[in-house]
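One letter stands for each residue in the lines below.
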Amino acid sequence: MKKIMVITILFVSANLSAQNNSAEDTTTKEVISEIGKPNGKISEKTMNQEGDTLISREGNLELIIPPGAVSKNTIISIQPITNLMPNGNGQAYRLEPSGIQFQQPVQIVFHYNPEESKDSAQLLMGIAMQDDKGQWYGLNDFTLDTVAKTISGIINHFSIWATFDKLKLKTLGGEYRLKVKKSALVFISGVFANQEDKDQSGLSKLKTMKPPENAIWYVDGVIKGNVSVGTLQKGRVDESEAKWNEYTAPANIPDNNPVTISVDLVWVSYTGNHKTIRSKQLKTQILIYDNAYEVEIESKQEGSNFSYIDEGSFVVSLEGKTARLIETKNKNSTDKLEFVATGCKSTLINAGLNHGHIHITGVKEIKVTPAEAPNYPFVDISFIPARMVYSTFRITCTDKSGKKFTSTTEKATDKVAASFAYPLSVRFFAKEGEQVIENSIVPGGYYKVTVRKLKDD
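Residues numbered from 1 in each chain as written. Predicted model: local features only at pLDDT ≥ 70, side-chain atom pairs only at ≥ 80, totals over all residues. Heavy atoms only, no water.

### Here we look at the overall build of the protein chain
In terms of regular secondary structure, the protein chain is built from 1 helix and 38 strands. Here the protein chain holds 457 residues, and 46% of them are scored as buried. Intrachain contacts of the protein chain at a sequence separation of at least 6 include 68% that bridge at least 24 residues. (Helix = DSSP H or I, 4+ residues; strand = E, 2+ residues; numbered from the N terminus. Buried < 20%, exposed > 50% of the residue type's maximum accessible area, 1.4 Å probe, protein only. Contact = heavy atoms within 4.5 Å.)

See below:
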């Protein structure tokens, strides 16, 4: 049986205390990684003594500069970069000018998507800073709002900032797909910061530690799983003393797919941000497949002052005589509006409803036509129609006299909503390799559909 091995740094959370887990039998290592690469458009604004707010292009990071923070006009910028921190969530951000010391503390606010932290409890999130040598530090004091989905803190200098999970359940090095009957290793990963070692900025070096020994493992709610959902058994102990668990996928696609692997941390408490959390459950999901194909869809539309990009994907399984969707991902549109008029600010007013022009809601029918030599079988999928819903913005501008006026893009959004989102139907051949089945020009952009058969490993 083929096993998929993972080589990753392993950790556990701060001030962890558990039965059979004492400070004497743990080892730590400083958390250091490479610095990420630019991964998105930069946003910038000139700040003066009055202060202002700067938001990243996609809206996930907000900087609130208070009055008196800078003594002269200063260009402040946010550059999204890849987040290479172990247990990192979403993007990291390089804030410039790097090393600037503010005369008043600046508030940093991350607007997070629960999907970014779905493998851990939201209460285990934290804020981290990376220096120019790659060392990561944890911000000791922060505010987590699980209703507004924000995590925020006070900083007094710029560098690279990101969010992370103190504890996380990982598998397959970030790959969460597994073919029937194959095996993968699953483990608990975590980081901690010793709050007693914090510097004047309220930062402590992040370090690694082995995970807790007392844990109960489940597959879809069944202890150690079963033949229907897959099974868990004890794996090996590696050089960092991490306890691996080996998950073996079932012989057939389970009814609930992907399967959920979870672990209850028994008699464990961990302290962070002056709060103690006890006995939390960590979760991760693995998609089980056999004869399956992934379909990726991308579309871009542009106007005189905006660029609107949307993506989506799904996986269709053709196991035996049945065909069904076993995974659907809607990226919910990455929209970037660049207004020609100067002195204008835009605020998103339909967050959560703006699913863009690619939106997969469900399938009406999947039909597989058997092969007729020399052709391959082909698959026809028709989808339940969904209306396009673009982002709606409130735009506030200031004219030369200093007078402000406000408008919205609601009429444009309503006009777009009269059309159906992509896709309405997809047809492809059930064969090996990659197929570009559509690459067409649409008003102001393009529409592209790519199909590839999932490999066995």
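Next comes the rest of the account.
### Notes on the pairing of strand β35 (residues 404-408)
Residues in a regular strand project their side chains so that they alternate between the two faces of the sheet. Pairing of strand β34 (residues 393-398) with β35, which is carried by 5 bridges, proceeds in the antiparallel orientation. Its bridge partner lying in β35, Ile-395 is registered against Ser-407. (Pairing = 2+ DSSP bridges.)

### Observations concerning the packing of aromatic side chains
Applying the stated criterion across every chain, the model contains 6 aromatic pairs. Relative to Phe-110, the ring of Tyr-93 has its centre 6.3 Å away and its plane inclined at 50°; by these criteria the two rings are tilted. Here Tyr-93, found in strand β6 (residues 88-96), pairs with Phe-110, found in strand β7 (residues 101-111); they are 17 residues apart in sequence, far enough to count as distant. Look at Phe-102 and Phe-158: their rings are 4.9 Å apart centre to centre, the planes differ by 70°, and that puts the pair in the edge-to-face class. Taken together, the residues Phe-102 in strand β7 and Phe-158 in the loop between β11 (150-157) and β12 (160-165) connect sequence positions 56 residues apart. For the pair formed by Phe-102 and Phe-158, the shared burial category is buried. It is Arg-387 that lies over the ring of Phe-420; its NZ or CZ is 4.1 Å from the centre. (Phe/Tyr/Trp six-rings, centres within 6.5 Å; stacked < 30°, edge-to-face > 60°. Lys NZ or Arg CZ within 6 Å of the ring centre and 35° of its normal.)

### Topic: the nonpolar core
The biggest cluster of nonpolar side chains holds 28 residues, and the ones touching the most others in it are Leu-63, Leu-95, Phe-102, Ile-108, Phe-110, Phe-158 and Trp-161. Taken together, the elements giving at least two residues each to this core come down to β4 (61-65), β5 (74-81), β6, β7, β8 (125-130), β9 (136-139) and β11. At 4 residues, the largest contribution of residues to this core is made by β7. Those residues in contact with Phe-158, other than ones at most four positions away along the chain, are Leu-63, Ile-76, Leu-95, Glu-96, Pro-97, Ser-98, Gly-99, Ile-100 and Phe-102. Listed in part, the 22 residues of the second largest apolar core include Leu-124, Val-186, Ala-249 and Ile-288. (Core = buried A, V, L, I, M, F, W, Y, C linked by side-chain atoms within 4.5 Å.)

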